[in-house]
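Summary of the model geometry
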Amino acid sequence: MQDEYDTFILIADLHALNTHIDKTEELAKNIHGLMLGYLSVGLDPNKVTFCLQSQITGTTDLAYILSTLTQRSVLERQPALKEKLDQGVSDTLALYYYPVLMAADILAPRAHLVPVGKDQKAHVEFARDIAIKFNNLFGEVFPIPEPLIGEVPTLPGIDGQSKMGKSLNNAIFLTDSVEEVEKKVMSMYTDPNRIHADDPGKVEGNPVFIYLDAFGEESDQAQITKYKELYTKGQVGDIEVKKYLVKVLNNFLDPIRKRRAEFEKQPELVERILKEGTVKARIEAQKTLEAVKKAMKIDYYD
């Protein structure tokens, strides 16, 4: 997508305060680590604008204006709220306000397209609704953003839970070593009803095969198809299939590890890329805020 669109990649450190307000000293390290991750997967700083949420002056101002168009009952019904509260996240105003700030993140650069996992689609729909409401009241200021859900909407956790997540401790990380990948894959949840290697197994919903479909190269497809056929007939064991998945995942991760190692040697470059992108994003957010205030006729001193 970086070759087709003017792309902004946001590091949402303000959102992180919902779960890390008592660990703010860790944010700088996490921000740097996230930048290393983005750069290591191949995002090109000459094509992509990386930006730090807390330093984009204007986004929080825009969020407040959007909040005046948002009913409390809408925020109370947000899908992720109950999940966060069940996970023990503090029941703060910021937690309820989360979708409004996310809408401001999307609308500040006047985004047309927002790549998200399917579990985040509701937040883009909220941003769409609030942009439409604003435009109907004050004129066409915001483009109406569309969600873009990838071919692999979400990955199941290695423990068989419906979603992989860092907080759930059921994820394979871009930073995992060859040995860590092997250890995690070999412990992966498969078909719980398959007791012996010669028992027929289910491919559908089986995390091992979901990962093979997601990460297998074209050259792997024949072998993956063969394993599916053998697995459903009880003619191949989980261990053999998992070993093949280890190979597939490490083939996927090796170039990422190599790029990350190169950027780790250049911390000043990584910091400069983020700073320069944040300046660009700040300018865009200010333009949007000025347009919003003008449309609302509250641009008194401009």
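To start, this report covers the structure provided alongside it. These numbers were taken from a predicted model, which means no experiment stands behind them.

Cut-offs and rules
Residues numbered from 1 in each chain as written. Predicted model: local features only at pLDDT ≥ 70, side-chain atom pairs only at ≥ 80, totals over all residues. Heavy atoms only, no water. Core = buried A, V, L, I, M, F, W, Y, C linked by side-chain atoms within 4.5 Å. Buried < 20%, exposed > 50% of the residue type's maximum accessible area, 1.4 Å probe, protein only. Helix = DSSP H or I, 4+ residues; strand = E, 2+ residues; numbered from the N terminus. Contact = heavy atoms within 4.5 Å. Pairing = 2+ DSSP bridges. 1 Å grid on protein atoms, 1.4 Å probe; cavity = no way out; pocket = protein on both sides within 12 Å on 5 of 7 lines; lining within 4 Å. Points joined across faces, edges and corners; volume = space filled by probe spheres on them. Nonpolar A, V, L, I, M, F, W, Y, C, P; charged D, E, K, R; others polar. Salt bridge = Lys/Arg side-chain N within 4 Å of Asp/Glu carboxyl O. Patch = residues over 30% accessible without salt bridge, like charges linked within 9 Å, V, L, I, M, F, W, Y side chains within 5 Å. Areas by Shrake-Rupley, 256 points an atom, 1.4 Å probe, with all protein chains shown as cover. Expected span 1.5 Å × (residues − 1). Bend = angle between axes of the 7 residues up to and from the residue. Axes fitted to C-alpha atoms, helices over the stretch in contact; angles between N-to-C directions. Parallel < 35°, antiparallel > 145°, perpendicular 65-115°, else oblique. Left-handed = near helix turned anticlockwise from the far one by under 90°. Phe/Tyr/Trp six-rings, centres within 6.5 Å; stacked < 30°, edge-to-face > 60°. Lys NZ or Arg CZ within 6 Å of the ring centre and 35° of its normal.

What follows concerns the nonpolar core. With 32 residues, the main nonpolar core has Leu 62, Leu 66, Ile 106, Leu 107, Phe 134 and Phe 142 as its most contacted residues. Elements represented by at least two residues in this core include exactly α3 (59–67), α6 (93–107), β3 (113–116), α7 (121–138) and α12 (267–296). Sorting elements by how many residues they give to this core places α6 first, with seven residues. When sequence neighbours within four positions are dropped, the list of residues in contact with Ile 106 reads Ala 111, Val 114, Val 124, Ala 127 and Pro 145.

Once that is clear, we can look at the pairing of strand β1 (residues 7–11). Side-chain alternation along β1 places Thr 7, Ile 9 and Ile 11 on a buried face and Phe 8 and Leu 10 on a face that remains uncovered. Note: β1 against strand β2 (residues 48–52), five bridges, orientation parallel. The partner of Ile 11 across the bridge, within β2, is Leu 52.

Its volume calculated, the second largest pocket comes out at about 190 Å³. Residue lining of the second largest pocket: 13 residues in total, with Pro 45, Val 48, Ile 273, Glu 276 and Gly 277 positioned closest to the centre. Every element with two or more residues in the lining of the second largest pocket is listed here: β2 and α12. Here the lining of the second largest pocket takes six residues from α12, the largest share from any one element. Broken down by class, the residue content of the lining of the second largest pocket amounts to five nonpolar, three polar and five charged.

A separate point is the pattern of salt bridges. For the coordinates displayed, the defined rule picks out 16 salt bridges. With its nearest N and O atoms 2.8 Å apart, the salt bridge here joins Lys 184 to Asp 176. The exposure class assigned to Lys 184 is buried, which follows from its relative accessible area of 19%. Here Asp 176 falls in the buried class, since its relative accessible area comes to 5%. Beyond isolated ion pairs, a larger network of salt bridges with shared partners links Arg 110, Glu 284 and Lys 287.

Before going further, it helps to spend a moment on a nonpolar patch on the surface. Together, Met 1, Tyr 5 and Leu 148 line one region of the surface with nonpolar side chains, adding up to about 270 Å² of accessible area. Topologically, Tyr 5 is positioned in the segment before β1.

Once that is clear, we can look at the pairing of β2. Burial within β2 is extensive, with five of its five residues counted as buried. Burial of the side chains of β2 extends over both faces: Val 48, Phe 50 and Leu 52 are buried on one face and Thr 49 and Cys 51 on the other.

Relative to the helices and strands, Ile 21 resides in the loop between α1 (13–20) and α2 (27–40). Sequence-wise, Ile 21 and Ser 90 are 69 residues apart; in three dimensions their C-alpha atoms are separated by 9.8 Å.

Turning our eyes to something else, we now look at the environment of Asn 251. On the secondary structure map, Asn 251 appears in helix α11 (residues 238–264). Counting along the chain gives 86 residues from Asn 251 to Gly 165, while the straight-line C-alpha distance between them is 22 Å.

Its 27 residues give α11 an end-to-end C-alpha distance of 37 Å, which sits within 8% of 39 Å, the value for a rise of 1.5 Å per residue. Where α11 bends most, the angle comes to about 35°, and this point is Leu 253, followed within four residues by the proline Pro 255.

It is worth spelling out the packing of α1 against α6 at this point. Two elements in contact, α1 and α6, have axes separated by 10 Å at closest approach and are oriented at 165°. Accordingly, the angle class assigned to the pair α1 and α6 is roughly antiparallel. With respect to the hand of their crossing, α1 and α6 are arranged in left-handed fashion. Seen from α1, the contacting residues are Leu 14, His 15 and Asn 18; seen from α6, they are Ala 94, Leu 95, Tyr 98, Leu 101, Met 102 and Asp 105.

Turning next to the packing of aromatic side chains. Evaluation of the coordinates by the stated rule reveals eight aromatic pairs. Chaining the aromatic ring pairs together yields one cluster made of Phe 134, Phe 138 and Phe 142. If you follow Arg 194 out to its NZ or CZ, it ends over the ring of Tyr 231, 4.1 Å from the centre.

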